[in-house]
Amino acid sequence: MVMDAGMIERCALCQRAAPLTRHHLIPRTLHRKPRYRKRHGLERMRAAVLWVCRPCHSHLHRTLSERELADHYASREALLSHPDIRAFAEWLGSKPAGFVPKSPPRGAGR
């Protein structure tokens, strides 16, 4: 699905209607690493994108390192298998449209 920034659709994780951001399932900082190029291929890494709302996107990067994302959570199903990601998505999905959770302080949760 090709979308312009700011289009409103449903988040792939929490299923809320919201403006979406592009989450690279293999983080772009790892695209040049031979280990990931060999395992996934450059074209697949560039195309492997999940459209998620800003709160879910922020939570993903707060919860998991880039290597964890690439090595173990490179699909929607894998992300939702992580207990903290699933709990957050379910919690956020129960909130009304327009609800934005407060951001924790930088470095919290690590």
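Provided above is the structure to which this section pertains.
Quick look at the structure, then. Computed from a prediction, not measured in an experiment: that's the story for all the values here. (Residues numbered from 1 in each chain as written. Predicted model: local features only at pLDDT ≥ 70, side-chain atom pairs only at ≥ 80, totals over all residues. Heavy atoms only, no water.)

Section: the overall build of the protein
Right, so step 1: Helix and strand counts for the protein come out as 6 helices and 3 strands.
Right, so step 2: Secondary structure of the protein in N-to-C order comes out as β-β-α-α-β-α-α-α-α.
Right, so step 3: For the protein, the proportion of its 110 residues judged to be buried stands at 39%.
Right, so step 4: Restricting to contacts in the protein with at least 6 residues of sequence separation, those with at least 24 account for 66%.
Right, so step 5: On the protein, roughly 7000 Å² of surface is accessible, and the fraction owed to carbon and sulfur atoms is 52%. (Helix = DSSP H or I, 4+ residues; strand = E, 2+ residues; numbered from the N terminus. Buried < 20%, exposed > 50% of the residue type's maximum accessible area, 1.4 Å probe, protein only. Contact = heavy atoms within 4.5 Å. Areas by Shrake-Rupley, 256 points an atom, 1.4 Å probe, with all protein chains shown as cover.)

What about the pattern of salt bridges?
Charged atoms that come close allow side chains of opposite charge to pair.
Right, so step 1: Evaluation of the coordinates by the stated rule reveals 1 salt bridge.
Right, so step 2: For glutamate 90, the salt bridge goes to arginine 86, with nearest N and O atoms at 3.6 Å. Here arginine 86 and glutamate 90 lie together in helix H6 (residues 83-93), a separation of 4 residues that amounts to about one turn.
Right, so step 3: We classify arginine 86 as partly exposed; its relative accessible area is 40%. (Salt bridge = Lys/Arg side-chain N within 4 Å of Asp/Glu carboxyl O.)

Describing the layout of surface pockets
A water-sized probe rolled over the atoms picks out the places where empty space is left.
Right, so step 1: Estimates place the volume of the second largest pocket at around 160 Å³.
Right, so step 2: Lining the second largest pocket, in full, are Arg22, His23, His24, Pro27, Arg28, Thr29, His57, His61 and Glu66.
Right, so step 3: Elements that contribute at least two residues to the lining of the second largest pocket include exactly strand S2 (17-24) and helix H3 (54-63).
Right, so step 4: Residues that form the lining of the second largest pocket fall into these classes: 1 nonpolar, 5 polar and 3 charged. (1 Å grid on protein atoms, 1.4 Å probe; cavity = no way out; pocket = protein on both sides within 12 Å on 5 of 7 lines; lining within 4 Å. Points joined across faces, edges and corners; volume = space filled by probe spheres on them. Nonpolar A, V, L, I, M, F, W, Y, C, P; charged D, E, K, R; others polar.)

As for the packing of H3 against H6
Right, so step 1: At a minimum axis distance of 10 Å, the contact between H3 and H6 shows a crossing angle of 160°. One way to sum up the angle between H3 and H6 is to call them roughly antiparallel. Crossing of H3 against H6: the hand is right-handed. The segment H3 lies against H6, with Pro55, Cys56, His59, Leu60 and Thr63 engaging Asp84, Ile85, Phe88 and Leu92.
Right, so step 2: The residue makeup of the contact of H3 with H6, split by class, is 6 nonpolar, 2 polar and 1 charged. (Axes fitted to C-alpha atoms, helices over the stretch in contact; angles between N-to-C directions. Parallel < 35°, antiparallel > 145°, perpendicular 65-115°, else oblique. Left-handed = near helix turned anticlockwise from the far one by under 90°.)

A word on the state of the cysteines
What is meant by a disulfide is a covalent connection between two cysteines, made through their sulfur atoms.
Right, so step 1: What the rule picks out here adds up to 0 disulfides.
Right, so step 2: Cysteine 53 takes part in no disulfide bond, and the closest cysteine sulfur to it belongs to cysteine 56, at a distance of 3.7 Å.
Right, so step 3: A residue is classified by how much of its surface remains accessible, and cysteine 53, at 1% relative accessible area, is buried. (Disulfide = S-S within 2.5 Å.)

Notes on unusual backbone geometry
Right, so step 1: Positive phi values are uncommon outside glycine, yet glutamine 15 reaches one of about 70°.
Right, so step 2: With respect to the helices and strands, glutamine 15 occurs in the loop between strand S1 (8-10) and S2.
Right, so step 3: Taking relative accessible area as the criterion, glutamine 15 reaches 40% and is therefore assigned partly exposed.

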